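The primary structure of each chain is shown beneath.
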Amino acid sequence: MTTSRRELLTSLAGAWAFASLAALPAMDWLGARRRSSPALAAGTPDDELVHVMTRCGFGVRPSDPHLDMQADEWLEMQLEPDAIEDGECERRLRRLESLALPLGEVYELHEHVARHELQAGVLLSAVYSARQLRESVVEFWRDHFSLSATKGECAWLATSFERDVLRERSLGTFRELLRGVLLHPAMLWYLDGRLNRADGGAPNENYARELLELHTLGLGGGYTQADVQEVARALSGWTSRALGASRKGLVEFDAARHDREAKRVLGRELPAGLDADEVERVVEIVCAHPSTALHVARKLCLRFIDDEPPPQAVLATAAEFTSSGGDLRKTLRSVLAREEFAASRRAKLKRPLHFVAAALRACDAECEPTRGLLDVLERLGHSPYQWPTPDGYPADSVHWRGGLLWRWRFALDLACGGVHGARVDARRVFELAGGRSAFVARCLGSAPELEALGLGSLSDEDEALATVLASPEFQRC
Amino acid sequence: MLNRTLVAVFLRGGADGLALVPADGDADYQRARPRLAQSRGTGTILDERFSLATELAALAPLWHAGQLAVVHDVASGDDTRSHFYAQPLLERGGERAAGGWIARFALARGTHGLSALAFGTAIPESLRGAASVSAVRELDDLDPGPRVTALGQRLAALYDTDPWLGAPAADTRSALERLRGLRRADYRPERGAEYGSDGFSIELAQAAQLIKLGVDLPAVCIDLHGWDSHVAQDQFLAPLMRILAGGLAAFALDLGPALERVSIVVYTEFGRRVGENSALGTDHGHGFVSFVIGGGVRGGVHGTWSGLGATSLLGPGDLPGTVDYRRVLAPVVERHGVDARRVFPDFDGEPIPL
């Protein structure tokens, strides 16, 4: 990272700077329809579309009915996910019964089953959902509000966390999303909020610290140890019903465990006796803090534009976040409207989940929610809900450069039909696309010539398909 | 530093440090363990306080050659006595850093070969977050087969022009070449090293095979289970200790000069109660013993030892853990050319001069 958040903050020198940010030139290419691209064969996406489908989704699926769209149209469509028909994905997820169970009922399953279905659901959604942007955004929040399904009762609770919080609120307001996270039993378990009580000793600061450091203001965002302690006191008393109780997972406020004294959080007074309402005040204060806007903006730009996000893009995104009241759809739209986004084609490396899902999509693979595909993710070090610490899987490309051996093996195994739980017929993949060139054009846009890929002289269809999937271009997004 | 390998041996279950390295020169030890204590002189004497367990006799040559470092009373700062809390705690190497400590080590060390290898079916917590880590039951699983090798070759020209992926791809191709046709059964240990037929020794033999192959491999993780000795511990710790010592000794002998570029570190989640229990076992305790072998280590007994008097013990009578475990791991990590602060960001203690 060239520009650290601390430098950015220093350069901002106060909230007044946000006022002037609104005046930054809007480089909105989303609205500017560009119909002048040279005619392509029907069903062949232009490079802009390949770029947005690859960066903002999990890659091009040759059978996608939207390959004739313009990139900007596709993004506008994707920003309204609920309007997109998603029957195929819903049908395929139906076999994973726990995904539809109410929170407390997931406990009826063995925790391994719950965890397996959760992970399989993440992968199948990435592969099959037509709401590709939402899947990417959910993945973004899954890292931002990371939790590991190996801690405490998280294996049962993460199902609802993913569905009812991350998915449901991914494009609403940041405040509602944060409220959902903060009072979800999975997070109360993961960061020990449920053990945070004011009666008998010092409150547990674990969640309060991560709330400020990771979820909102960010490291160096201007909070102090005193703020951490005050937030911990303010959040004391919230707990969730555990195994052995009725209504497992129910989140409750126990006034007897709550610190009822007045507090001071980030310079704002919280009068005594607010009790359960105090959490709302804390959410309000942290969401309104300028560092939160910058922190979220920077992470969004890192995810969607570049590992070293352009400072101008970060500042403009933070300004949009602030002026829209933390409207995530508007904030994301402003990121995707930046010229820097449009110009960042293939600037990033697909993380393993992205790579695996993209390969399965490119091949129109028939996937079963079995262990096989999840083992691949495990081997590549990217199983959903397995990162042990609250900072989430690394978002930068450098972290993920070392896994080529396993990427190549997966590419070959998949193309040859050797991955348990994924059926692929290489001959059919090429036929449906209208030949090898057409297939490459669909998946990668203007990519290296077939000769450079060494496909011209290759008679074996499986190996030809593996070569495309293992190519450097396919690793990028 | 490329071409150096860290071999981390985790003794699962909480290995009894006072069984592995008894303080048989200390009268308090004999008093605390009237029925379990080893008598002075039966095991290799390390100094005026400690001896090796008689069952660890196979390590004596390494000790005499100055290649075995022993650190007693090592622990994390958390006095948990839960296996399931303590194991991941140590494997993560801190509360705040992401992933496992060996994963961060492998990442900081950098490789485009294998990154890290764990024997078994699952990736241990210490490797969580490492890229291209593999859990293998045996080396044969690593043989990529001719088609993957050909795939790498076919794409070589394209990868060569890629500014990011060119170097990792070249390293991957070279690893593929070396791993081709790899068969465990073909391996012949050198210098007369004889590995046992137990799983631990077989895994070490395969680690040696891989290291000698010259595949860049920053870390190998090996688990040895079964140390949770609540009951009749003499009976089953004895064979387990023989397996541990026999495996490590054969591994060191087999590697020969290559041991210079290999560090072996042996650790566990916690030690055990100083006093024996009524079932001739010991219960979960705190401070444990750690071994470091190879890689130019300074042999000897290191660390601080506050004795076994009642006032120096912790809680129900446990070794207090005077040496933070990262004071042992940090110098090992540094010897592999990795800044220990990158591996243990929330640790600022003094590394033990191993």
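Since we're looking at a predicted model, the values are computed, not measured.

A. Inspection of the overall build of chain A at higher detail. Regarding its fold elements, chain A presents 25 helices and six strands. What you see for chain A is a C-alpha radius of gyration of 23 Å, in line with the 23 Å of a compact globule of 477 residues. Each principal axis of the C-alpha distribution contributes one length, and for chain A these read about 75 × 55 × 40 Å. Every one of the 477 residues in chain A was classed for burial, and the buried ones make up 55%. A separation of at least 24 residues holds for 71% of the contacts in chain A among residues at least 6 apart in sequence.

B. Region of the structure containing the packing of helix H15 (residues 311–323) of chain A against helix H16 (residues 328–336) of chain A. Residues and elements named next belong to chain A. Relative orientation of the contacting elements H15 and H16 amounts to 155 degrees, with a least axis distance of 8 Å. Considering their axes alone, H15 and H16 lie roughly antiparallel with respect to each other. Along this stretch, H15 crosses H16, giving a crossing that reads as right-handed. Of the residues in H16, those touching H15 at Ala316, Thr317, Glu320 and Phe321 are Lys330, Thr331, Ser334 and Val335. The class makeup of the residues in the contact of H15 with H16 is three nonpolar, three polar and two charged.

C. Examining helix H20 (residues 404–415) of chain A more closely. Residue and element names in this part refer to chain A. With 12 residues, H20 extends 16 Å from end C-alpha to end C-alpha; this agrees with the ideal 16 Å at 1.5 Å per step. Of all 12 residues that make up H20, 12 are buried, and the element is covered over most of its length. Three or more residues of H20 are buried, namely Leu404, Leu405, Trp406, Arg407, Trp408, Arg409, Phe410, Ala411, Leu412, Asp413, Leu414 and Ala415.

D. Main features of the interface of chain A and chain B. Contact residues are listed per partner, giving 29 residues for chain A and 35 residues for chain B. Residue assignment for the side of chain A that touches chain B shows that the elements contributing at least two residues are helix H19 (371–379), H20, helix H23 (450–453), helix H24 (461–470) and helix H25 (472–475) of chain A. Counting residues per element, the side of chain A that touches chain B draws most heavily on H20(A), which supplies six residues. Per-class residue counts for the side of chain A that touches chain B are 14 nonpolar, nine polar and six charged.

E. Representation of the environment of B:Phe50 in the model. All names here are of chain B. Counting through the fold element by element, Phe50 comes out in the loop between helix H2 (27–32) and helix H3 (60–64). Accessibility expressed as a C-beta count within 10 Å gives 23 for Phe50, which makes it buried. Here Phe50 is in contact with Val21, Pro22, Ala23, Gly25, His72 and Val301, once residues within four sequence places are set aside.

F. Region of the structure containing the pairing of strand E2 (residues 68–75) of chain B. Residues and elements named next belong to chain B. Burial within E2 is extensive, with eight of its eight residues counted as buried. With five bridges connecting them, E2 and strand E7 (residues 288–293) associate as antiparallel partners. Note on E7: the bridge partner recorded for Val71 is Ser290. Pairing of E2 with strand E9 (residues 323–324) involves two bridges; the strand directions are parallel.

Cut-off values and rules
- For every chain, the first residue of its written sequence is number 1, and the numbers climb from 1 along that sequence.
- Each chain gets a letter, beginning with A, and each ligand a number, beginning with 1, in the order they are written.
- This being a predicted model, a pLDDT of at least 70 is required before a residue's local features are given, and a value of 80 or more before pairs of side-chain atoms are given or counted; all residues contribute to the totals for chains, interfaces and linings.
- Helix numbers and strand numbers start at the N terminus; a helix is a DSSP run of H or I with at least 4 residues, a strand a run of E with at least 2.
- Here the globule rule reads 2.2 Å times residues to the power 0.38, and the radius of gyration is calculated from C-alpha atoms.
- To assign burial, the other C-beta atoms lying within 10 Å of each residue's own C-beta are counted, with C-beta atoms placed from the backbone; 20 or more indicates buried, 12 or fewer indicates exposed, and intermediate counts indicate partly exposed.
- Residues are scored as being in contact if the C-beta atoms we place from backbone atoms lie within 7 Å.
- For helices, the axis comes from a line fit to the C-alpha atoms of the stretch in contact; other axes are also lines fit to C-alpha atoms, and the angle between any two N-to-C directions lies between 0 and 180 degrees.
- We call two directions roughly parallel when the angle between them is under 35 degrees, roughly antiparallel when it is over 145, roughly perpendicular when it lies between 65 and 115, and oblique otherwise.
- The hand of a helix crossing depends on one turn: near helix anticlockwise from the far one by less than a right angle means left-handed, and clockwise means right-handed.
- Ten residue types, Ala, Val, Leu, Ile, Met, Phe, Trp, Tyr, Cys and Pro, are classed as nonpolar, four, Asp, Glu, Lys and Arg, as charged, and the remainder, Gly among them, as polar.
- By definition here, a helix of n residues has an expected span of 1.5 Å times n minus one.
- Think of it this way: DSSP has to see at least two bridges between two strands before they count as a pair.

These values are about where atoms sit, not about what they do.
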